[in-house]
Amino acid sequence: MVKAFSLASWNVEHFKDEPERVARVVDFLKEQDPDVFALLEVEGKEVFAELVRQMSDYQFHITEGPQTQEILVGVKHDLTAFYTQKVQFKSGIQALRPGALLTVTVEGIHYSILFLHTKSGSKPIGLGVRDDQFERAYKFKKLLDEIAGGKGKANYFFLGDLNVMGMQYPFERDIVPPLELRKIDRDAKRVKMRRLTKNHPATWWNGPGSKFAPADLDHVVASDHLKFKPFNGADIAVRGWPALKTEEEKAAWIKEYSDHGLLYLEVQKLDI
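In this report, the structure presented in the accompanying data block is examined.

Following both chains from N to C, one finds helix 3 (residues 124-148) and helix 4 (residues 177-190) inclined at 20°, their axes separated by 11 Å at the closest point. Viewed along their axes, helix 3 and helix 4 adopt a mutual orientation that is roughly parallel. As helix 3 packs across helix 4, the resulting crossing turns out to be right-handed. Residues L127, R130, D131, F134 and Y138 of helix 3 form the contact with helix 4, whose participating residues are E180, K183, I184, D187 and A188. For the contact of helix 3 with helix 4, the class distribution of residues is five nonpolar, no polar and five charged.

Structural data, given as structure tokens:
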């Protein structure tokens, strides 16, 4: 199979004007060499300046609005791409991040890539807003299908830090994160999509001593006809601390870079 393009998504927690950390993060991102990427939780202008300086073969776009954390998207100059900010994925909450939609065209075939950073929190409002954001993502798939010529036709992804935390509620009415993921899988199937597999399930951790266990927060949901390069049998390579062996190595990486691992995948060309 032949690669159409590579894709990466990475939440770099509170990514702002800390020059040494910014330089480390940009170096790590360059090592992955993705054709398209998104950085989540961008907060400072130093980030943009360093990306432009070190990654001159990319063009960049960033969300904007009253939110303090932005989604920054990069795409290589040799790809044809169109960027759109999608405010409907704020679900009516001004402080939330909008969606960042990138439409990439490879050999005349369009791919719609929606980067999301959904509502966090395990309170009922957190689960409810996330569920609304996911439903909007599925409805968008139906619209893209119509444009592409029928159900299941669109080449569509939504991905990023989806914050799948479940819900805590008294009287033994908790909704555990795996149950929230089951609903995502069921709803995705209805619109001919699937959640991609990862070679490491947990993508977020605060490190040793944290009161929270490693969590499965970052995901990619894609049209089910799309194919991907396998990484040890999985669709996605999770890079960064999840790929390290010892707690000491993981703790050091989290301190130097981020509490989230980076998602990397390679989309294969479609058989026409």
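What follows deals with the nonpolar core. F5, V36, F115 and F157 are the most contacted members of the largest nonpolar core, which has 31 residues in total. Secondary structure elements with two or more residues in this core: strand 1 (3-15), strand 2 (36-42), strand 4 (70-76), strand 6 (99-106), strand 7 (109-117), strand 8 (156-161), strand 10 (218-223) and strand 12 (262-268). Setting aside its immediate chain neighbours within four residues, F5 contacts D35, V36, L79, V106, Y111, I113, F157, L265, E266 and V267.

What follows is about the packing of aromatic side chains. Scanning all chains against the criterion turns up 20 aromatic pairs. With centroids separated by 6.4 Å and ring planes inclined at 25°, the aromatic side chains of F134 and F158 adopt a geometry described as stacked. Within this pair, whereas F134 is found in helix 3, its partner F158 is found in strand 8, the two being separated by 24 residues in sequence. When the centroid spacing of 4.7 Å and the interplanar angle of 25° are considered together, the rings of W253 and Y257 count as stacked. Assigned by exposure class, W253 and Y257 land together as buried. An aromatic cluster is built from F89, F134, Y138, F140, Y156 and F158, whose rings are joined through pairwise contacts. Note that R239 overlies the ring of Y264, its terminal NZ or CZ placed 4.2 Å from the centroid.

The rules behind the values
- Residues numbered from 1 in each chain as written.
- Predicted model: local features only at pLDDT ≥ 70, side-chain atom pairs only at ≥ 80, totals over all residues.
- Heavy atoms only, no water.
- Axes fitted to C-alpha atoms, helices over the stretch in contact; angles between N-to-C directions.
- Helix = DSSP H or I, 4+ residues; strand = E, 2+ residues; numbered from the N terminus.
- Parallel < 35°, antiparallel > 145°, perpendicular 65-115°, else oblique.
- Left-handed = near helix turned anticlockwise from the far one by under 90°.
- Contact = heavy atoms within 4.5 Å.
- Nonpolar A, V, L, I, M, F, W, Y, C, P; charged D, E, K, R; others polar.
- Core = buried A, V, L, I, M, F, W, Y, C linked by side-chain atoms within 4.5 Å.
- Buried < 20%, exposed > 50% of the residue type's maximum accessible area, 1.4 Å probe, protein only.
- Phe/Tyr/Trp six-rings, centres within 6.5 Å; stacked < 30°, edge-to-face > 60°.
- Lys NZ or Arg CZ within 6 Å of the ring centre and 35° of its normal.

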